[in-house]
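# Architecture and fold: a report
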Amino acid sequence: MRKPFVAGNWKLNKNAAEAVALVNGLLPGLSALESIDRVVCPPFTDLWAVKELLAGSGIGLGAQNMYWETSGAYTGEIAPGMLAEVCQYVILGHSERRQFFGETDETVNRKIKAALAVGLTPIVCIGESLEENQAGQTSEVVNRQVVQGLAGLTPEEGAKLVIAYEPIWAIGTGLAATPEDANAIHRDVVRAALGRMLGEETAASIRILYGGSVKPDNAVSFFSQSDIDGALVGGASLKVDSFLAIAQAAA
Ligand code: PGA
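Just so it is clear, the model here is predicted, and its values are computed rather than measured. (Residues numbered from 1 in each chain as written. Predicted model: local features only at pLDDT ≥ 70, side-chain atom pairs only at ≥ 80, totals over all residues. Heavy atoms only, no water.)

A separate point is the pairing of strand 5 (residues 121-126). Counting buried residues along strand 5, six of its six residues qualify, which places the element largely inside the surrounding structure. Covered by surrounding structure in strand 5 are Thr-121, Ile-123 and Cys-125 together with Pro-122, Val-124 and Ile-126, the residues of both alternating faces. Both strand 4 (residues 89-92) and strand 5 contribute to a ladder of four bridges, which runs parallel. Each residue of the ladder has a partner; that of Tyr-89, found in strand 5, is Thr-121. Pairing of strand 5 with strand 6 (residues 162-165), which is carried by four bridges, proceeds in the parallel orientation. Each residue of the ladder has a partner; that of Ile-123, found in strand 6, is Val-162. (Buried < 20%, exposed > 50% of the residue type's maximum accessible area, 1.4 Å probe, protein only. Helix = DSSP H or I, 4+ residues; strand = E, 2+ residues; numbered from the N terminus. Pairing = 2+ DSSP bridges.)

Here it is in structure tokens:
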């Protein structure tokens, strides 16, 4: 049994005052949904304020990126240990990081290992571009991202991951994948690759989220699929009503 998992990826949105207002709005409804894992991922500068608000709520906190080095002359970067002081999760390899900030399967792999080393749970993002999708390369691309991104992990390490399949053409566009197509990628490509790398038992235990234009009105259709274990939600996580509705759908 995989516990449903819903995470909000706020991206570059919400200053500290706005973050506090959003979390205060979410708290009553979201803290009650104990049958699922709920996580919010604000910008770095909001993390400490949000951590205080979430204390005792059962709601998890995540960052959206980190560097793999523990300290040193890396201007502008944040170390794994710094995040481990304030949160439990970190989104790694989001397609926007790959697209705009040069991240690759190799850098994602280093970040996953560094996050695990300090006890953070990585939410590892994978997904194909529109061109790759139209060229029929989805399975090949997604399989490569899993194989190279997770290279060298033991089954014990792999078991700690959460994976998010987010087709790039579905992110922020309102064009979600069909639940059936997404489920086929989750089951036949992602979980199959996890099984070959980590063993069937570990693969069966790993949550695979769908991301890309998840909204209150399509959430149930995704969550009712066999291998869609939750969602990584962007735009709809920025409003109390829509994020709560999605979390309720998962619960
Ligand atoms: P979206 O973003 O829900 O706005 O499509 C999802 C994501 O990028 O994580």
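So that's the structure; there's more coming.
On to the side chain of Ser-129. Note on placement: Ser-129 falls in the loop between strand 5 and helix 6 (130-134). Excluding residues within four positions of it along the chain, Ser-129 makes contact with Ile-168 and Trp-169. (Contact = heavy atoms within 4.5 Å.)

Sheet architecture is closed into a barrel: eight strands sit in the order 1-2-3-4-5-6-7-8, paired in parallel fashion. Within this sheet the neighbouring strands show an average axis-to-axis angle of 25°, counted without direction. Seen against the sheet, helix 9 (residues 179-198) touches strand 5, strand 6 and strand 7 (207-211) and runs at an angle of roughly 140° to strand 7. (Axes fitted to C-alpha atoms, helices over the stretch in contact; angles between N-to-C directions.)

Neighbouring the ligand are 13 residues, the closest being Lys-11, His-94, Glu-166, Gly-172 and Ser-213. Between the ligand and the protein, one listed contact pairs an oxygen atom with a backbone N or O atom of Gly-172 at 2.7 Å. One of the backbone nitrogen or oxygen atoms of Gly-235 is found 2.8 Å away from an oxygen atom of the ligand. Burial of the ligand by the protein amounts to 97% of the accessible area it has alone, namely 280 Å². (Near = heavy atom within 4 Å. Polar contact = N/O pair within 3.5 Å; in protein donor to acceptor, adjacent residues only side chain to side chain. Areas by Shrake-Rupley, 256 points an atom, 1.4 Å probe, with all protein chains shown as cover.)

Now for helix 12 (residues 240-250). Among all positions in helix 12, only Ser-242, Phe-243, Leu-244, Ile-246, Ala-247 and Ala-250 are buried. Those residues of helix 12 hidden inside the fold are in contact with strand 1 (5-9), helix 1 (16-31), strand 2 (37-41), helix 11 (219-223) and strand 8 (230-233).

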